[in-house]
Amino acid sequence: MATSGAHDRLGGIEVFVQAVEAGSFALAADRLNLTRSAVGKSVARLEARLGVRLFHRTTRQQSLTDDGQAYYDRCIRALAELQLCLLYTSPSPRDKRQS
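To start, this report covers the structure provided alongside it. Everything numeric here is computed off the predicted structure, so don't read it as measured data.

## Things to note about the overall build of the chain
In step 1: From N to C terminus, the chain includes 5 helices and 2 strands.
In step 2: The linear arrangement of helices and strands in the chain, starting from the amino end, is α-α-α-β-β-α-α.
In step 3: By the burial criterion, 26% of the 99 residues in the chain qualify as buried.
In step 4: Look at the contacts in the chain between residues 6 or more apart in sequence, and 45% of them connect residues 24 or more apart.
In step 5: Within the structure as shown, the chain displays about 7200 Å² of accessible surface, and the carbon and sulfur contribution to it stands at 54%.

Put into structure tokens, the structure is as follows:
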């Protein structure tokens, strides 16, 4: 099913963005109600799909690579656009009263 693949890709992006903003996979996992392993695997799948390394990772810290920073910037813009689409396509409270 095509929507499942699209959802998986978007899910990977959301996990990546959360990992960047949280500053750690562990905190991202807590915020997303996932395991650390699930976050790590999601990011690894995303890196494999893109063919680039997004994070420099050590046991103590993580930081974005240059590619990771560029991808993060694009993801933020794309997610903001998707949010606007949802806002403009959601029924307004007035529309709900008329139904």
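## Here we look at unusual backbone geometry
In step 1: Residues other than glycine seldom take positive phi values, yet N33 does so here, at roughly 60°.
In step 2: Mapped onto the fold, N33 is located in the loop between α2 (25-32) and α3 (36-50).

## Topic: a nonpolar patch on the surface
In step 1: On the surface, a nonpolar cluster with roughly 390 Å² of combined accessible area is contributed by L84, L87 and Y88.
In step 2: Inspection of the secondary structure assignment puts Y88 in helix α4 (residues 66-89).
In step 3: Of the residues examined, Y88 reaches a relative accessible area of 70% and is grouped as exposed.

## Quick look at the packing of aromatic side chains
In step 1: With the rule as written, the count across this model stands at 4 aromatic pairs.
In step 2: Judged by centre distance (5.4 Å) and plane angle (50°), the ring pair of F16 and Y71 falls under tilted. Placement of the pair is F16 in helix α1 (residues 2-22) and Y71 in helix α4, with a sequence separation of 55 residues.
In step 3: A relative accessible area of 18% places Y71 in the buried class.

## Let's talk about the nonpolar core
The tendency in soluble globular proteins is for nonpolar side chains to be buried side by side.
In step 1: F16, F55 and Y71 are the most contacted members of the largest nonpolar core, which has 18 residues in total.
In step 2: When contributions to this core are tallied by element, the ones reaching two or more residues are α1, α2, α3 and α4.
In step 3: For this core, the element with the highest residue contribution is α1, accounting for 7 residues.
In step 4: In this view, Y71 contacts I13, F16, L46, L50 and L54; residues no more than four positions away in its chain are not counted.

About the thresholds
- Along each chain, residues carry numbers from 1 onward, in the same order as the chain's sequence is written.
- Predicted model: local features are reported for residues with pLDDT of at least 70 only, side-chain atom pairs are reported and counted for 80 or more only, and whole-chain, interface and lining totals are derived from all residues.
- Side-chain measures here rest on the full set of heavy atoms in the structure, leaving out hydrogens and waters.
- Counting from the N terminus, the helices are the DSSP runs of H or I reaching at least four residues and the strands are the DSSP runs of E reaching at least two.
- With a 1.4 Å probe rolled over the protein chains alone, any residue whose accessible area is under 20% of its type maximum counts as buried; one over 50% counts as exposed, and the rest are partly exposed.
- Contact definition: two residues touch when any of their heavy atoms are within 4.5 Å.
- Surface exposure here means Shrake-Rupley accessible area, sampled with a 1.4 Å probe, where a residue is shielded only by the protein chains that are shown.
- Any residue with relative accessible area above 30% and no salt bridge may belong to a patch, with like charges joined within 9 Å and the nonpolar Val, Leu, Ile, Met, Phe, Trp and Tyr side chains within 5 Å.
- For salt bridges, the criterion is a side-chain nitrogen of Lys or Arg within 4 Å of an Asp or Glu carboxyl oxygen.
- Between 30 and 60 degrees the pair is tilted, below 30 it is stacked and above 60 it is edge-to-face, where a pair is any two Phe, Tyr or Trp rings, Trp via its six-membered ring, whose centres lie within 6.5 Å.
- Each nonpolar core is a collection of buried residues, namely Ala, Val, Leu, Ile, Met, Phe, Trp, Tyr and Cys, held together in the definition by side-chain atoms within 4.5 Å.

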